[in-house]
Amino acid sequence: MPLRVLILGGTTEASALAERIAGDPRLAPILSLAGRTANPRPQPIATRTGGFGGVDGLVDFLRREAIDSTVDATHPYADQMSAHAVAACGKTGVPLASLVRPEWQAHDGDRWQRVPSPEAAAEALGAAPQRVFLTLGRQDLHVFAAAPQHHYIARLIERPEQTSLPPDLRLIQARGPFDVAAERRLLIDERIDVLVSKNSGGTATYAKIAAARALALPVIMIARPHKPARQTMTEVDEVVRWLHDLAPRGV
Ligand SMILES: NC(=O)c1ccc[n+]([C@@H]2O[C@H](COP(=O)([O-])OP(=O)(O)OC[C@H]3O[C@@H](n4cnc5c(N)ncnc54)[C@H](OP(=O)(O)O)[C@@H]3O)[C@@H](O)[C@H]2O)c1
């Protein structure tokens, strides 16, 4: 029997892993998505969508589906799902690896102000009105209603559901990857004074950081939360080797 693998996904890395192991006779993977976007990218392996129902729900899922190993490839800011994965895999004895993309590092010319939370980012914008480019996902947009003096441009994959949004907000619907020239153009055309970003890491959304550096614009960088993990890996190949080591021989 092939190794039954649960991949907790929703990221470029999870999709890359799915791509890499699709059709591998030693592995039987299922990719789990939170369901945050209505039109997720098509995947080459089986998928399921929606929360499990906390730690107990995930424990039930692991047992019901006879999962042999789990890969947590969720977003660096999805700390709750990771905590549940550590707890549920601990209870069931299912091996767990976490695929985490490294953080972006500040380079010469970057003007980053690091803050611990979206709330702190809203405060760090200050009292004077600014033109702000928000690229932090729709779940945290409402936080900026507390700083209504600013003009916000928020780029999102989908429209937000929250009702309490900042009053002066324009939405741009787009999905990465983005390139530096287009990001530079956007920052100039929209007369942006400051960016607010998560430290997502990876290449798909890095262009805005490079463009801000080129234009000497400040970036308010929201720090990553503590993301619980058993063993952390940064490369898809490393995860594949780990899965192959766990998989039965001769399948
Ligand atoms: N999730 C994504 O695909 C994604 C993608 C890009 C960015 N982010 C960023 O990450 C931050 C937190 O996002 P979040 O609310 O999704 O994470 P979270 O706070 O860690 O998770 C909240 C709940 O969502 C469900 N969930 C999360 N990921 C799941 C998955 N892969 N499969 C099944 N259920 C999943 C779980 O529900 P149950 O407790 O019911 O199991 C989990 O407890 C946000 O700032 C967001 O912008 C998330």
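Summary of the structure given here. (Residues numbered from 1 in each chain as written. Predicted model: local features only at pLDDT ≥ 70, side-chain atom pairs only at ≥ 80, totals over all residues. Heavy atoms only, no water.)

**Describing the sheet that holds strand 9 (residues 169-173)**
And then number 1: A sheet is described by the order of its strands in space; here six strands give the open sequence 6-11-10-7-8-9, paired in parallel fashion. Of all the strands in the sheet, the pair left with one neighbour each is strand 6 (111-115) and strand 9. This sheet shows a mean twist of 20° between the axes of neighbouring strands, independent of strand direction.
And then number 2: Relative to strand 8 (residues 151-156), strand 7 (residues 131-135) runs parallel, the two being bridged by four bridges. (Pairing = 2+ DSSP bridges. Helix = DSSP H or I, 4+ residues; strand = E, 2+ residues; numbered from the N terminus. Axes fitted to C-alpha atoms, helices over the stretch in contact; angles between N-to-C directions.)

**Focus on empty space enclosed by the protein**
And then number 1: Per the stated rule, a full pass over the model turns up one cavity of 30 Å³ or more.
And then number 2: Asp72, Ser82, Ser98, Val100, Lys227, Pro228 and Ala229 together form the lining of the largest cavity.
And then number 3: Of the residues assigned to the lining of the largest cavity, the class counts are three nonpolar, two polar and two charged. (1 Å grid on protein atoms, 1.4 Å probe; cavity = no way out; pocket = protein on both sides within 12 Å on 5 of 7 lines; lining within 4 Å. Points joined across faces, edges and corners; volume = space filled by probe spheres on them. Nonpolar A, V, L, I, M, F, W, Y, C, P; charged D, E, K, R; others polar.)

**Here we look at the sheet that holds strand 2 (residues 27-33)**
And then number 1: Read from one edge to the other, the open sheet built from six strands follows the order 3-2-1-4-5-12, with strand pairing classed as parallel. Lying at the two open borders of the sheet, with one neighbouring strand each, are strand 3 (46-49) and strand 12 (231-233). Looking at each pair of strands side by side, their axes are set apart by 25° on average, direction ignored.
And then number 2: Sheet strands in contact with helix 2 (residues 54-64) are strand 1 (3-8), strand 2, strand 3 and strand 4 (69-72), and its direction is about 155° off that of strand 1. (Contact = heavy atoms within 4.5 Å.)

**Concerning the site of the ligand**
And then number 1: Around the ligand lies a shell of 24 residues, among which Ser32, Arg36, Phe52, Met81 and Lys198 are the nearest.
And then number 2: Between the ligand and the protein, one listed contact pairs an oxygen atom with a backbone N or O atom of Met81 at 2.8 Å.
And then number 3: Across the complex, the protein chains shield 83% of the 840 Å² of accessible surface that the ligand would expose by itself.
And then number 4: Every element with two or more residues in the shell around the ligand is listed here: strand 2 and helix 3 (79-92).
And then number 5: Per element, the largest residue contribution to the shell around the ligand is four residues, and it comes from helix 3.
And then number 6: Grouping the amino acids of the shell around the ligand by side-chain chemistry returns seven nonpolar, twelve polar and five charged. (Near = heavy atom within 4 Å. Polar contact = N/O pair within 3.5 Å; in protein donor to acceptor, adjacent residues only side chain to side chain. Areas by Shrake-Rupley, 256 points an atom, 1.4 Å probe, with all protein chains shown as cover.)

**Topic: the pattern of salt bridges**
And then number 1: Summed over the entire model, instances satisfying the criterion amount to 13 salt bridges.
And then number 2: We note a salt bridge from Arg101 to Glu13, for which the minimum N-O separation is 2.9 Å. One end of the pair, Arg101, is in the loop between strand 5 (96-99) and strand 6; the other, Glu13, is in helix 1 (residues 12-21), and 88 residues separate them in sequence. For the residue pair Arg101 and Glu13, the accessibility class agrees, reading buried in each case.
And then number 3: By sharing partners, the salt bridges in this structure join Arg131, Arg170 and Glu190 into a single network. (Salt bridge = Lys/Arg side-chain N within 4 Å of Asp/Glu carboxyl O. Buried < 20%, exposed > 50% of the residue type's maximum accessible area, 1.4 Å probe, protein only.)

**Regarding helix 2**
Residues that lie three or four places apart on an α-helix share one face, since the helix turns once every 3.6 residues.
And then number 1: Here helix 2 has its buried residues at Gly57, Leu58, Val59, Phe61 and Leu62.
And then number 2: Looking at the buried residues of helix 2, the elements they touch are strand 1, strand 2, strand 3, strand 4 and helix 3.
And then number 3: Directly beyond the C-terminal end of helix 2, a positive phi value near 50° is found at Ala66.

**A word on the pairing of strand 10 (residues 194-198)**
And then number 1: Counting buried residues along strand 10, five of its five residues qualify, which places the element largely inside the surrounding structure.
And then number 2: Note that strand 10 and strand 11 (residues 218-222) share four bridges and pair parallel. Across the sheet, residue Leu195 finds its bridge partner in strand 11, namely Val219.
And then number 3: In this fold, strand 10 hands off to helix 6 (residues 207-214), which returns the chain to strand 11; that crossover is right-handed. (Right-handed = clockwise from strand over helix to strand, strands pointing away.)

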